[in-house]
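Structural features, examined
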Amino acid sequence: MIKHIVCFKLKDNSDANKQETKELLMSMKDKVPMVRDIQVGVDFLKSPRSYDIILQVELDDREALDAYQVDPYHAGVVKVHMHEVMEASIALDYDLD
């Protein structure tokens, strides 16, 4: 199993925008077939070093991660939206043992 984690800092980190973004990310659960599990968390601390949203996705293997990156819904809807609303992001992909 692979864990894919992305943290997003949003241009507009209002509660309404964070909730809308969370819902869009969560919509991949039913629309991106290679996603085995998905979690989305919203930061409540709002410190200067905080990121606003964390996305955690579990996939079967590295081939599934590659397929996820080009999935039509993920790449054509979710990524497009995230690139419009985010100020910055960081990511980590690792094997679950």
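Up top you'll find the structure we're talking about.
Structural notes on the packing of helix 3 (residues 62–70) against helix 4 (residues 72–85)
Where helix 3 contacts helix 4, the axes come no closer than 4 Å and their chain directions differ by 45°. What the angle tells us is that helix 3 and helix 4 run oblique. Contact residues: Tyr68, Gln69 and Val70 in helix 3; Pro72, His74, Ala75 and Lys79 in helix 4.

Focus on the nonpolar core
Of all hydrophobic cores here, the largest spans 24 residues; its most connected members are Phe8, Leu25, Met28, Leu55, Leu59 and Tyr68. Every element with two or more residues in this core is listed here: strand 1 (2–10), helix 1 (15–26), strand 2 (37–42), strand 3 (53–59), helix 3 and helix 4. For leucine 55, the residues in contact, after removing those within four places along its chain, are His4, Ile5, Val6, Phe8, Leu25, Met28, Ile38, Gln39, Val40 and Tyr68.

Conventions and cut-offs
Chains are numbered independently. Their residues run from 1 in the order of the written sequence. Side-chain atom pairs in this predicted model are given and counted only at pLDDT of 80 or more, local residue features only at pLDDT of at least 70, and totals for whole chains, interfaces and linings cover all residues. Hydrogen atoms and water are omitted, and side-chain values are computed over all heavy atoms in the structure. An axis is simply a line fitted to the C-alpha atoms; with a helix, the fit covers only the stretch in contact. Between two such axes, the angle follows the N-to-C directions and lies from 0 to 180 degrees. Helix and strand assignments come from DSSP, with helices taken as H or I runs of at least 4 residues and strands as E runs of at least 2, each series counted from the N terminus. For classification purposes, an angle smaller than 35 degrees is called roughly parallel, one larger than 145 roughly antiparallel, one from 65 to 115 roughly perpendicular, and anything else oblique. Throughout, a contact is declared for two residues whenever any of their heavy atoms are within 4.5 Å. The criterion is simple. A nonpolar core is a set of buried Ala, Val, Leu, Ile, Met, Phe, Trp, Tyr and Cys residues joined through side-chain atoms within 4.5 Å. Throughout this description, buried means an accessible area under 20% of the type-specific maximum (1.4 Å probe, protein chains only), exposed means over 50%, and partly exposed covers the range between.

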